[in-house]
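Examination of the molecular architecture
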Amino acid sequence: MTLKLCVLTPNRIVWDSEVKEIILSTNSGQIGVLPNHAPIATAIDIGILRIRLNDQWLTMALMGGFARIGNNEITVLVNDAEKSGDIDPQEAQQTLEIAEAALRKAEGKRQTIEANLALRRARTRVEAINAIS
């Protein structure tokens, strides 16, 4: 038995196919979803989506949003999403270093909050590449 997973951003469909299982980062922690999961709607945190296709695991960086699970269908609506294979490792590492420097230089509450958010996004992209499946 499989699940139908659809990952959508405002600009595109990132994923739309059958999967065996997913592990999703929510605002209250990670949840695993298998076929016949109880219906749920949840907020998604900036984090990694792990997708199992048969014996292979894939990862995707998600940038916050919402998910609806029910009737063996998962709809994920996020601000942005990138499959790990689509992320340039050098660019992701460079973005992480820039975000770390921006946080060190941040002055005031607003700059600190924005820098922390940019750092979380950058770390998530690097984690998606480095995730051991």
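Residues numbered from 1 in each chain as written. Predicted model: local features only at pLDDT ≥ 70, side-chain atom pairs only at ≥ 80, totals over all residues. Heavy atoms only, no water.

1. Overview of the domain arrangement of the protein
Each assigned domain of the protein is listed with its residue range as follows: domain 1 (3-84) and domain 2 (87-130). A straight line from the C-alpha centre of domain 1 to that of domain 2 covers 23 Å. Where domain 1 abuts domain 2, roughly 840 Å² becomes buried across the two surfaces, and 60% of that area is made up of carbon and sulfur atoms. The tally of links from domain 1 across to domain 2 stands at 2 salt bridges. Between aspartate 45 and arginine 120 there is a salt bridge, and its shortest N-O distance comes to 2.6 Å. Where domain 1 packs against domain 2, one counts 4 residue pairs in polar contact (both at pLDDT 80 or more). (Domains from an automatic or database assignment. Buried area = accessible area lost by both parts, 1.4 Å probe. Salt bridge = Lys/Arg side-chain N within 4 Å of Asp/Glu carboxyl O. Polar contact = N/O pair within 3.5 Å; in protein donor to acceptor, adjacent residues only side chain to side chain.)

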